[in-house]
Amino acid sequence: MPSRLSAYVSDTAPGRGALRTARSWLHSDAPRRSLNGLWRFRLSPTASTAEDFAAEDFDDGGWDGIPVPSHWVLQGDGAYGRPIYTNVQFPFPIDPPHVPDENPTGDYRRHFDVPADWSDAERVVLRFDGVESLFTLWVNGDEIGGAAGSRLAHEFDVTSSLRPGDNVVAVRVHQWSAASYVEDQDQWWLPGIFRDVTLIARPAGGIEDVWLRTGFDGGRGRIETEVTADAAAFPVTLRLPELGIERVWATAADVAPLDVDGVEPWSAERPRLYDVTVSTSAESITLRAGFRTVEIRGDRFLVNGRRVVFHGMNRHETHPERGRVFDEEHAREDLARMKRFNVNAIRTSHYPPHPRLLDLADELGFWVVLECDLETHGFDKLGWAGNPSDDPAWREAYLDRIRRTVERDKNHPSIVIWSLGNEAGTGGNLAAMSAWVHARDPGRPVHYEGDHAGEYTDVYSRMYSSVLETEEIGTDGSRAPLLNCTPAQGARQRTKPFLLCEYAHAMGNGPGALDQYEALVHEHPRLHGGFVWEWRDHGILATTPDGRPYYAYGGDFGEVVHDGNFVMDGMLLSDDVPTPSLHEYKAVAAPVRFAFDGDEVAITNLRHSADTSDLRFRWHVEHDGTPVDSGDLQVPVVAAGESAQVALPRIPVSPDSETWLTVDAVLAAQTAWAPDGHVIATVQLDRSAPRPAPAVRREPHWRRSDGTLTLGIAEFVDGSLVRLAGRAVAGPRLELFRAPTDNDEGASQEVEESDASIAGVSNAELWRRDGLDRLTTRRLSVDRAASALRTIAKVSAANSALSVIVESVWSLEGDELELRVEIEPSKGWPTVWPRIGIRFDLPDGAAPVDGAEWFGLGPLESYPDSLRAARTGRFSSTIGDLSVDYARPQETGHRSRLRQLTLTSAGTEVLRIVTLPDTRGRRPGFTLSRHTPQQIARAGHPFQLPDSTTSHLIVDAAQHGLGSRACGPDVWPEFALRPEARTIRLRIAAG
Ligand code: GAL
């Protein structure tokens, strides 16, 4: 092993050479040059290749070109290795601080020009905004230094090595280093120079750093300015032109706080920014100041004196083609999308994002928890033995990381909390980081979830605590022990504001129970909301050998160790498509609430501080989903935290269809993130006149029968349905299986008193054990009456004595065909069931069923614990759009509470189905898909689903909830489907 590498990997201190101290990422008028662009590149499999490439005159003519910024594993179609995905696991031996000799090492070179007029500059600095994981820098053959800290900025003084005109920079980047042990976040390992490289001229008399610490109190703003500049740089002038402010400070000693009257405060809802310049005669810095005061009072987290509720997302920097390379346009659209879905907060999991992201957060309005680049989760496997977090040898490296984090982003009003990192155990180095933050920035609290006992952090934070446990945390009276806390530590934690830094694991189809978590926030003011895990899937765009694109996850690149699709756990699919869970989130997090009371509705404004002057309230009435009337509600402006009682319009009630009133709160004018009319919140009121379901007609004269039979549009052979309205049909057959969701496959210990689940064993495993995916049928009887047919069958699986009796009665009721199915489980079924449904298979034929129109809940899929985004109405969809393209195929597409369904083929009606409620008023849901649950369960990626033109219609009396057991609690007992007898009644007609 060459000496440099051994020095690097055993040296846990962060940087060497001419590395400069951290400072703000400033918008300055000092000259700068981007060194982004095409560099020459060579990849070596080990770190031991000779360093001769750093020489000025080295001939790199045979090297490839690579774009900077980029990750080399995402360039060159695999020529430079492949991405690796692990969650907790280290993809190298746990041998800290050493890494293997097999250490992919990228050498970069490029020429650049230093303009002649830069000779005035006092210094020239080369800045790297992000390099994974450790690098060494040479300029014109001089070794300048090196640094680690992948998602942190590093600046080097290169003045003495530069000359006007042509220069050469060489950089060696190692994929693995000692730093990898403290950068073990759950994400792809993506080496390379992946953020900007900039050459910056520092003028004599310039401003090294500036910090505007702003506050807001009682209608007054305050700016405390910290200027870092040589004495000779003074006078320094601060200007805030919009308020006519100009202050000139002759010397550093004159710099004084400023009280500013007549300012509007900054909040995530009204992100009011003021342009400020801080200048010397040599340099001018432009900042955008937002006035806000962050404060903890008792167990409340307040901004500008008002409690904040985080409706947050954990945001990683990830893109299917660029990886962690920042694209401002995409990021802006992403943040605008968050705003459109009622997201008001971001945790920058688990490292500082590209610095521009914070400018966008200031401007669009988010409460930001800014997290340091630190995670040592892989030490968990060793019971945290050797964890750097409690090893003094790593103290300086930890401090360097938090300094770089805070210093770079300290000017942003959107940042309201600093987070020390994620899942790094606990220990003295974390306490040291916290102490440093407290001393440097008393204006913002410190967060770190791993400080369970609350020894050095200001807020109490947890991830994935269940609804019950979260409620316990919010409740004063309870003495329930808190995780990893003695009673005294627990009592201390209860004196602090609480937030869920992660909850609602959004992997695949789910999560359920968003509304239950939300309800707690409004009952227990100590609970300040939380951050969904996570905003988007991290799929990497790849192609199958036969050229079909797909989003790859762990294992798709032949990794030695990996964590499969655990990286696909976002509310947004890899291609930016919001999943139904994001719509559910939007409905649950809506900042305006409605409560109907007779002929009035109470409208409550749940915002932090903004009133409702930006909103309009529209209403419309539908009869069986057909619009009949609409208008605007006259609503006074409602202040934050207040309610208004408003009279409802006169609602025309239909005697023979359902009558629904819908009220939408919409934006009255366009904003930076949504057009005028964008819906913020929706509520529905059922004003239907009661209409009894037709009674079940009891048939007294059954007789044994077989042979063929026609009942209206239905044709039977030997008691089995073969055609409906002239089309081939198979079924209905009992379907108890659904393609397991990622939550169904989850085996967490969190089973929420659900007596049917087993801690540590997934429901999917139990379903497979009991054979729900491979049910067989034995016909017990076929009977006929004058205009009816009855079959009784026993359904069970190989090697199981458990069974379900299914009685199906087909009858003509007037000129309508009715199917009534009674589903009766035997005793002894031990688990929850995924569904209780009947499945019709509609094979292709000349005109395959390819779409549906329905009246029921829609437009998107819904499940018992995820119903808040669904509304009652009339919807239509192609068969393809009824399913969500989850990265790993799984249960999808269930539409609840169906009243009427029309199956269509190329726009022509094929079959019409009306559901009748059971005796408890419950209606079935439906799923229409090209694939059976069994086929879906076998596919690891969408491209592995077989080609099909068959349509499978499943009518479900019930579905199991979703839960979030992929990482968190199982389905709440109320929404768990235990085996039970159910009835499905349908009226079926030709289209
Ligand atoms: C948390 C972790 C996240 C992610 C999540 C599961 O423990 O902080 O980074 O791994 O679990 O997806």
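How each quantity is defined
Residues numbered from 1 in each chain as written. Predicted model: local features only at pLDDT ≥ 70, side-chain atom pairs only at ≥ 80, totals over all residues. Heavy atoms only, no water. Core = buried A, V, L, I, M, F, W, Y, C linked by side-chain atoms within 4.5 Å. Buried < 20%, exposed > 50% of the residue type's maximum accessible area, 1.4 Å probe, protein only. Contact = heavy atoms within 4.5 Å. Helix = DSSP H or I, 4+ residues; strand = E, 2+ residues; numbered from the N terminus. Salt bridge = Lys/Arg side-chain N within 4 Å of Asp/Glu carboxyl O. Domains from an automatic or database assignment. Buried area = accessible area lost by both parts, 1.4 Å probe. Nonpolar A, V, L, I, M, F, W, Y, C, P; charged D, E, K, R; others polar. Pairing = 2+ DSSP bridges. Axes fitted to C-alpha atoms, helices over the stretch in contact; angles between N-to-C directions. Near = heavy atom within 4 Å. Polar contact = N/O pair within 3.5 Å; in protein donor to acceptor, adjacent residues only side chain to side chain. Areas by Shrake-Rupley, 256 points an atom, 1.4 Å probe, with all protein chains shown as cover.

Novice: An account of the nonpolar core is needed here, citing residue identities and associated values.
Specialist: If you look at the biggest cluster of nonpolar residues, it comprises 92 residues, and the most contacted ones within it are Met313, Phe366, Ile402, Leu420, Tyr585 and Phe594. If sequence neighbours within four positions are ignored, Tyr585 has contacts with His311, Gly312, Met313, Phe341, Asn342, Val343, Tyr503, Leu514, Val532 and Met571. In terms of nonpolar packing, the next biggest core, distinct from the first, is built from 58 residues, Ala756, Leu802, Ile879 and Ala957 among them.

Novice: Please provide a residue-by-residue account of the side chain of Ser803, values included.
Specialist: Structurally, the position occupied by Ser803 is in strand S51 (residues 803-813). Since its relative accessible area comes to 6%, Ser803 is described here as buried. Among residues more than four places away in sequence, those in contact with Ser803 are Lys794, Val795, Ser796, Glu824, Pro825, Ser826 and Trp829.

Novice: Break down the pattern of salt bridges for me, with residues and values.
Specialist: Taken as a whole, this structure holds 85 salt bridges when the rule is applied. Where Arg123 meets Glu208, a salt bridge forms, and the shortest distance between an N and an O atom there is 3.1 Å. With Arg123 in strand S7 (residues 123-128) and Glu208 in the loop between strand S15 (197-202) and strand S16 (209-217), this pair connects stretches of sequence that are 85 residues apart. Taken individually, Arg123 and Glu208 each receive the classification buried, so the pair is uniform in this respect. Ionic pairing is found between Arg687 and Asp599, a salt bridge with its closest N-O pair at 3.6 Å. Of this pair, Arg687 sits in the loop between strand S42 (679-686) and strand S43 (703-704) while Asp599 sits in the loop between strand S36 (592-597) and strand S37 (600-605), placing them 88 residues apart in sequence. Under the relative-accessibility criterion, Asp599 is labelled exposed at 56%. Salt bridges linked by common partners bring Glu132, Arg151, Glu183, Arg324, Asp373 and Arg401 together as one network.

Novice: Outline the domain arrangement of the protein chain, listing residues and values.
Specialist: Looking at the protein chain, the domain boundaries give domain 1 (2-203), domain 2 (209-281), domain 3 (296-536 + 571-585), domain 4 (606-686) and domain 5 (703-990). Using C-alpha coordinates to define each centre, domain 1 is positioned 29 Å away from domain 3. With 42 residues of domain 1 in contact, the opposing surface of domain 3 contributes 39 residues. A buried area of about 3,400 Å², summed over both sides, lies between domain 1 and domain 3, and 58% of it is on carbon and sulfur atoms. Area buried by domain 1 at its contact with domain 3 is led by Trp25, Leu152 and Val182, which between them contribute 19% of it. Taken together, the links from domain 1 to domain 3 amount to 4 salt bridges. Sort the elements by how many residues they give to the side of domain 1 that touches domain 3 and strand S13 (residues 187-189) lands first, with 3 residues. Looking at side-chain class alone, the side of domain 1 that touches domain 3 contains 23 nonpolar, 10 polar and 9 charged residues.

Novice: Lay out the sheet that holds strand S40 (residues 643-647) in plain terms, naming residues and giving numbers.
Specialist: Taking strand neighbours across the sheet as the criterion, the 3 strands line up as S36-S37-S40 in an open arrangement whose pairing is antiparallel. A strand with exactly one partner marks an edge of an open sheet, and here the two such strands are S36 and S40. The mean inter-strand angle of the sheet, taken between neighbouring strand axes irrespective of direction, is 25 degrees.

Novice: Explain the site of the ligand to me, using residue names and the numbers behind them.
Specialist: Every residue close to the ligand is listed here: Asn87, Asp186, His350, Asn422, Glu423, Met463, Tyr464, Glu502, His505, Trp533, Phe566 and Asp569. Within the side chain of Glu423, one N or O atom sits 2.4 Å away from an oxygen atom of the ligand. The side chain of Trp533 places a nitrogen or oxygen atom 3.1 Å from an oxygen atom of the ligand. The protein chains hide 96% of the 310 Å² of surface that the ligand would expose on its own. Grouping the amino acids of the shell around the ligand by side-chain chemistry returns 4 nonpolar, 4 polar and 4 charged.

Novice: Tell me about the sheet that holds strand S20 (residues 258-261), residues and numbers included.
Specialist: Strands sit in the order S16-S17-S20 across an open sheet of 3 strands; the sheet is antiparallel. Sheet topology places S16 and S20 at the edges, where each strand pairs with a single neighbour. For this sheet, the mean angle separating the axes of adjacent strands, direction not counted, is 25 degrees. Judged from the 9 bridges that link them, S16 and strand S17 (residues 220-228) form a sheet pairing that is antiparallel. Within S17, the residue paired with Thr214 across the bridge is Ile223.

Novice: Talk me through the environment of Asn314; I want residue IDs and the actual numbers.
Specialist: By secondary structure assignment, the location of Asn314 is in strand S26 (residues 310-314). Exposure remark for Asn314: the relative accessible area of 0% places this residue in the buried category. Polar side-chain contacts of Asn314 include one of 2.9 Å to the side chain of Arg347. Polar side-chain contacts of Asn314 include one of 2.9 Å to the backbone oxygen of Cys501.

Novice: Which residues make up unusual backbone geometry, and what values do they have?
Specialist: The omega torsion across Glu132 and Ser133 is 0 degrees, close enough to zero to call that bond cis. Here Ser133 shows up in the loop between strand S8 (131-132) and strand S9 (134-139). Residue Gly858 is joined to Pro859 through a cis peptide bond whose omega torsion reads -5 degrees. Mapped onto the elements, Pro859 comes out in the loop between strand S54 (851-858) and strand S55 (871-878). A positive phi angle, close to 50 degrees, is found at Asp77, a residue other than glycine. Using a relative accessible area of 77% as the deciding quantity, one classes Asp77 as exposed. With phi around 50 degrees, Asn140 is a residue other than glycine that occupies positive phi space. Among the secondary structure elements, Asn140 is positioned in the loop between S9 and strand S10 (142-148). Using a relative accessible area of 8% as the deciding quantity, one classes Asn140 as buried.

Novice: Would you mind going over the pairing of strand S49 (residues 775-785) in detail, with residue names and values included?
Specialist: In this structure, S43 lies alongside S49, joined through 2 bridges in antiparallel fashion. Bridge pairing links Arg704 to Asp783 in S49. Here S49 runs beside strand S50 (residues 788-797); their pairing, made up of 10 bridges, is antiparallel. Bridged to Val782 within S50 is Thr791. What sits between S49 and S50 in their antiparallel hairpin is a turn of 2 residues.

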